[in-house]
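Examining the three-dimensional arrangement
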Amino acid sequence: MNVLSVTPELFPLVKTGGLADVAGALPLALKEKGVAMRSLVPGYPVVTAAFRKKKAVLQYPKLFGAKASVYAAEAGGLDLFVLDAPHLFDRVGGPYGDAGGRDWPDNWRRFAALGQVGADIAGGAVAGYLPELVHAHDWQAAMTLAYMRYGKAVATPSLITVHNLAFQGQFAASIFAELGLPAEAMSLDGVEYYGGVGFLKAGLQAAWAITTVSPTYAQEIRTPAFGMGLDGLINMRAADLYGIVNGIDVELWNPATDGHLAATYSAKTLKVRAANRAAVEARFDLDRDGSPLLCVISRLTWQKGIDILVSILDQVVAAGARLAVLGAGDAGLEGALLAASARHHGRVGAVIGYDEALSHLMQGGCDAILIPSRFEPCGLTQLYGLRYGCVPVVARTGGLADTVIDANEAAVSAGVATGFQFAPDSGDALLHAVRRVVEAHAAPALWSTIQRQGMKADVSWDRSAGKYVELYRRLLSRRVSQS
Ligand code: ADP
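Below, the discussion takes up the packing of aromatic side chains. Scanning the model with the defined rule gives 14 aromatic pairs in all. When the ring centre of F81 is taken as reference, the NZ or CZ atom of R38 above it lies at 4.6 Å. Over the aromatic face of W104 sits the side chain of R91, whose NZ or CZ is 5.0 Å from the ring centroid.

Now the structure itself:
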């Protein structure tokens, strides 16, 4: 089976979030299941710099303003099409904005171009390559499906994955004239969205099927509270809506081989984690008193519920826990965490910044990881926590609800508990969960059972890739039955 993936990010070449991990890991997992996935990615400087030989497979004398080409490339087992369009993508800064974090004003043009090219390839523009199905990721790739629908590849099955509904790619109606779509596309049933043009909306409308990254989030986005204005449309498409949880790279995240750890370990040698805990205590300047060491590894934002945690920090300390926070984000939250670490010296420590190595060490040494998100499409840090015996303590929402089994009495006696859940968006509920953690941690046999149970959970890509294949097959059979 030949599948074209269209994605604005791809690990390890370019990453700002979980989408990159999915787009990078899925093709490798699919390969073992007989699916050949090629990924179309924008030629940002970090991408084009990775390849020396560039043989164009497709040329555009003019693509949204200037000439562009597509070349085929291979990186770490990934087959790529790179959209080389310097006027759109060759810029200093991030994939979506300048170094100061301001969105590029022509993002609509940049990602309409990506979509146009994706649709052209789907329609057979590259000699010798014709995908049987197109899989697009998030609003940046969503226009692929709109261009397919109004173009040559209208009969090619398509799928859009929503990694976070909060990002929608909404633009002024005035851009429509430059998109090159037929006039009828500017309608409720096409790309029109609240009087403007909505890229994600257009993709959700045009896709044969929609997936998001957990079954619970797939249900949540059908409600006004989580639907971000798109719940009406998503409900209309409910019959074609699926939730498939992300996997993680179990080679990169393996406590038995992880080079970022002070000491490697397995479920059989959990005591060795003490060496990692000591390293975390030293790094965060924390007391060494054996009390439960909680951690947070997160963007510091409203979505992640960090303000809720900040509001009960004094009580968390009073409950007998210590806390190590690694994160960056809202200046107010960064300041509040630094202030708390000064106020509770030895009990709370904060490192502001992004530090991949330290994040591994924390998973390998802390007792539990707190994830108080208000919403969480899938979440990765709880999956790393499971794999590392760093017990996840999570808000019961989205992928967090789907991947962690609460240590209630029934689950504990059945031997299936892997963590703790609490009601989202509530400081009281979070504090109650922390108290449960402190209590459970004081019972070493119970605690290590929860750790080991978590370490047994299958968090690999294999299972999820199988679900994508199942869905691809279903869509292909629909095409056959339609023709
Ligand atoms: P989101 O994509 O919404 O930020 P996820 O839990 O899906 O949340 O993924 C976050 C990823 O970023 C994880 O791999 C996590 O370990 C990593 N991460 C977040 N903040 C930091 C940080 N300050 N330092 C290192 N890694 C971080």
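In this section: helix α5 (residues 138-149). For α5, spanning 12 residues, the distance from its first C-alpha to its last is 17 Å, which sits close to the expected 16 Å at 1.5 Å a residue. Most of α5 is tucked away: 11 of the 12 residues are buried.

Next up on the list: the sheet that holds strand β5 (residues 78-84). Ordered by their spatial adjacency, nine strands build an open sheet running β3-β4-β5-β2-β1-β6-β7-β11-β12, and the pairing between neighbours is mixed. On the outer flanks of this sheet lie β3 (56-63) and β12 (241-243), each paired with one strand and no other. The sheet shows a mean angle of 20° between the axes of neighbouring strands, direction not considered. Bridge count between strand β7 (residues 158-162) and strand β11 (residues 209-212): four bridges; the pairing is parallel.

What follows covers unusual backbone geometry. Here the bond from F11 into P12 is cis, since omega is 5°, no more than 30 degrees from zero. In this fold, P12 is placed in the loop between β1 (2-6) and α1 (18-31). Although it is not a glycine, F64 adopts a positive phi angle of roughly 50°. With respect to the helices, strands and loops of the structure, F64 is situated in the loop between β3 and β4 (66-75). By relative accessible area, which is 17% here, F64 ends up buried. Of note, the phi angle at Y194 is positive, near 45°, even though the residue is not glycine. When you line up the elements, Y194 lands in the loop between β9 (192-193) and β10 (196-198).

Interface size is commonly expressed as the accessible surface area that is lost when the partners come together. What the domain assignment reports for the protein chain is domain 1 (2-247 + 462-482) and domain 2 (267-456). On a C-alpha basis, the centroid separation for the pair domain 1 and domain 2 is 34 Å. Listed by partner, the interface residues are 16 residues for domain 1 and 14 residues for domain 2. Across the contact surface, domain 1 and domain 2 share zero salt bridges. Where domain 1 packs against domain 2, one counts five residue pairs in polar contact (both at pLDDT 80 or more). Among the elements of the structure, α1 and α8 (215-220) are those that each provide at least two residues to the side of domain 1 that touches domain 2. Looking at the side of domain 1 that touches domain 2 element by element, the count peaks at four residues for α8.

Residues in contact with the ligand amount to 16 residues; listed here are only the nearest, R299, K304, G353, D355 and L380. For the ligand, an oxygen atom lies 2.8 Å from a polar atom in the side chain of R299. One nitrogen or oxygen atom from the main chain of D355 is found 3.0 Å from a nitrogen atom belonging to the ligand. Where the shell around the ligand is concerned, the elements lending two or more residues are β13 (293-300), β14 (322-329), α15 (356-365) and α16 (381-388). With three residues, the single largest contributor to the shell around the ligand is β13. Classifying every residue of the shell around the ligand gives five nonpolar, seven polar and four charged.

Cut-offs used in this document
- Residues numbered from 1 in each chain as written.
- Predicted model: local features only at pLDDT ≥ 70, side-chain atom pairs only at ≥ 80, totals over all residues.
- Heavy atoms only, no water.
- Phe/Tyr/Trp six-rings, centres within 6.5 Å; stacked < 30°, edge-to-face > 60°.
- Lys NZ or Arg CZ within 6 Å of the ring centre and 35° of its normal.
- Helix = DSSP H or I, 4+ residues; strand = E, 2+ residues; numbered from the N terminus.
- Expected span 1.5 Å × (residues − 1).
- Buried < 20%, exposed > 50% of the residue type's maximum accessible area, 1.4 Å probe, protein only.
- Pairing = 2+ DSSP bridges.
- Axes fitted to C-alpha atoms, helices over the stretch in contact; angles between N-to-C directions.
- Domains from an automatic or database assignment.
- Contact = heavy atoms within 4.5 Å.
- Salt bridge = Lys/Arg side-chain N within 4 Å of Asp/Glu carboxyl O.
- Polar contact = N/O pair within 3.5 Å; in protein donor to acceptor, adjacent residues only side chain to side chain.
- Near = heavy atom within 4 Å.
- Nonpolar A, V, L, I, M, F, W, Y, C, P; charged D, E, K, R; others polar.

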